[in-house]
Amino acid sequence: MRIGATFKIALRALRRNKMRTVLTMLGIIIGVGAVIAMVGIGNGAKAQVTARIASLGQNVIQIFSGSLNRGGVFTGFGGAGTLTPEDAIAIKAEVPGILALSPEVRGGGGQITAGENNWNSPILGEGVDYLIIRQWDLAEGAMFTEADERSSAKVCLLGLTTKERLFPDEDAVGKTIRMKGVPLKVVGVLARKGASMGGDDQDDRVVIPYTTCMKRFAGVTTLRMIQLSAESSSQMMEVQNAIAELLRQRHRIQAGRDDDFIIRNQQEIAETANATTETMTALLAGVAVISLIVGGIGIMNIMLVSVTERTREIGIRMAVGARGHDILLQFLIEAVTLSSIGGLVGIGVGIGTAKFLAAVKGWPTVVSMDSVIISFVFSAAVGIFFGFYPARKASKLDPIEALRYE
């Protein structure tokens, strides 16, 4: 009964100064809302990166040619041209646990014409397993064949963006496009894939057999990259280690010397990409938590003012039998009520802000239940922490001095 009565007295005191109560809660509302919204933005960015990495396919391993140093200038991955088609054939034949493998050559970009229409798209040379690795469906037609690959046939697949630019009102399969003076027969159209990790449109491309790209477009005899898919995620490291050992043997790399190739798996790519978003999320959440602490300081300030204003009231309560811990409990209840109600309203503000940004700005946002629960608990803890000192000060007042206070 004593706790119930104390609770009613605390709520009555808060209702007595409605405007001050609302303004005090405002700091907590802004803090909690900011935490939820900022963490939601960070989680949304992370989810978007994860989805784009998943668009690479399942259990993907990428092997790049090493970097070439020309007069102190490094060309980056693929610049050394140390991977060959024979390396790709050997890897597929000798390394167990590989589901699919595709050599890759970049043919640059160029103007493509089809009748009266034209468009500029990048050209990509790939193997017949390319769509299996990328888990990429076809909207129309079929994949080019191993026979096309062996004969360097002049055939191609079009990304959906490229198809819509060149053949906006008709089927593309069976038609011919011309790129850099070379006619290419369209055998298939890729289903929509969306943006890549770098933000590029994956649907804006022309895919041809890598042998065709090497001979007719790139003019090279080496590969930029070999990408493959392991049969299961549990085999990825085993496959990766076996590839490294095989390539070191084939390239005659002696013990202690650096490899002339780089191997990356999907997990490493994901960890690298997520590191940035996790840092951004932590930074945004840290700024939001600071605003929550400032709100807590506001609660302590108002509670100290309240103790001063209600000194005589505290003296009267003590004179009629209230003990120190009753006064302490009353002011703690007031502080926790302020922070808890502010936390609940802040949750609504944070979720609403996240949805607003997603709708208006197009930012991906993911509000997790964990962030909601943690924000609310933290707001209640802020009330207890910053409300304790004013409450303790009130409970330590001398009843006689309090009654004399004007």
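Predicted, not measured: the structure shown is a model, and the values here were computed from it.

*Asks:* Describe in detail the overall build of the protein chain, supporting the description with residues and values.
*Replies:* Within the protein chain one finds 13 helices and 12 strands. Considering the protein chain as a whole, with its 406 residues, one finds that 46% of them fall into the buried category. For the protein chain, contacts bridging at least 24 residues in sequence account for 77% of all contacts bridging at least 6. Entry remark: accessible area of the protein chain is about 20300 Å², with carbon and sulfur atoms responsible for 59%.

*Asks:* For a nonpolar patch on the surface, give the residues involved together with the corresponding values.
*Replies:* Together, M19, L23, L26 and I30 give the surface a local cluster of nonpolar side chains, amounting to about 410 Å² of exposed area. With respect to the helices and strands, the residue L26 is situated in helix 2 (residues 18–54). Accessibility expressed as a relative area gives 40% for L26, which makes it partly exposed.

*Asks:* Quick one: what's the story with helix 12 (residues 369–395), residue by residue and with numbers?
*Replies:* Between its first and last C-alpha, helix 12 extends 38 Å over 27 residues, near the 39 Å set by a 1.5 Å rise per residue. Bending of helix 12 peaks at approximately 40 degrees at the position of F388, with proline P390 no more than four residues after it.

*Asks:* Just give me the short version of the packing of helix 10 (residues 311–319) against helix 11 (residues 324–360), but keep the residues and values in it.
*Replies:* Where helix 10 contacts helix 11, the axes come no closer than 10 Å and their chain directions differ by 135 degrees. By the angle between their axes, helix 10 is oblique relative to helix 11. The hand of the helix 10/helix 11 crossing is right-handed. Of helix 11, the residues touching helix 10 (which contributes E313, I314, R317 and M318) are D326, I327, Q330 and F331.

*Asks:* Tell me about unusual backbone geometry, and name the residues and values.
*Replies:* Positive phi, close to 50 degrees, is recorded for Q135, a residue that is not glycine. Within the fold, Q135 resides in the loop between helix 4 (130–134) and strand 6 (138–141). The class for Q135 is partly exposed, based on a relative accessible area of 46%.

Parameters at a glance
- Residues numbered from 1 in each chain as written.
- Predicted model: local features only at pLDDT ≥ 70, side-chain atom pairs only at ≥ 80, totals over all residues.
- Heavy atoms only, no water.
- Helix = DSSP H or I, 4+ residues; strand = E, 2+ residues; numbered from the N terminus.
- Buried < 20%, exposed > 50% of the residue type's maximum accessible area, 1.4 Å probe, protein only.
- Contact = heavy atoms within 4.5 Å.
- Areas by Shrake-Rupley, 256 points an atom, 1.4 Å probe, with all protein chains shown as cover.
- Patch = residues over 30% accessible without salt bridge, like charges linked within 9 Å, V, L, I, M, F, W, Y side chains within 5 Å.
- Salt bridge = Lys/Arg side-chain N within 4 Å of Asp/Glu carboxyl O.
- Expected span 1.5 Å × (residues − 1).
- Bend = angle between axes of the 7 residues up to and from the residue.
- Axes fitted to C-alpha atoms, helices over the stretch in contact; angles between N-to-C directions.
- Parallel < 35°, antiparallel > 145°, perpendicular 65-115°, else oblique.
- Left-handed = near helix turned anticlockwise from the far one by under 90°.

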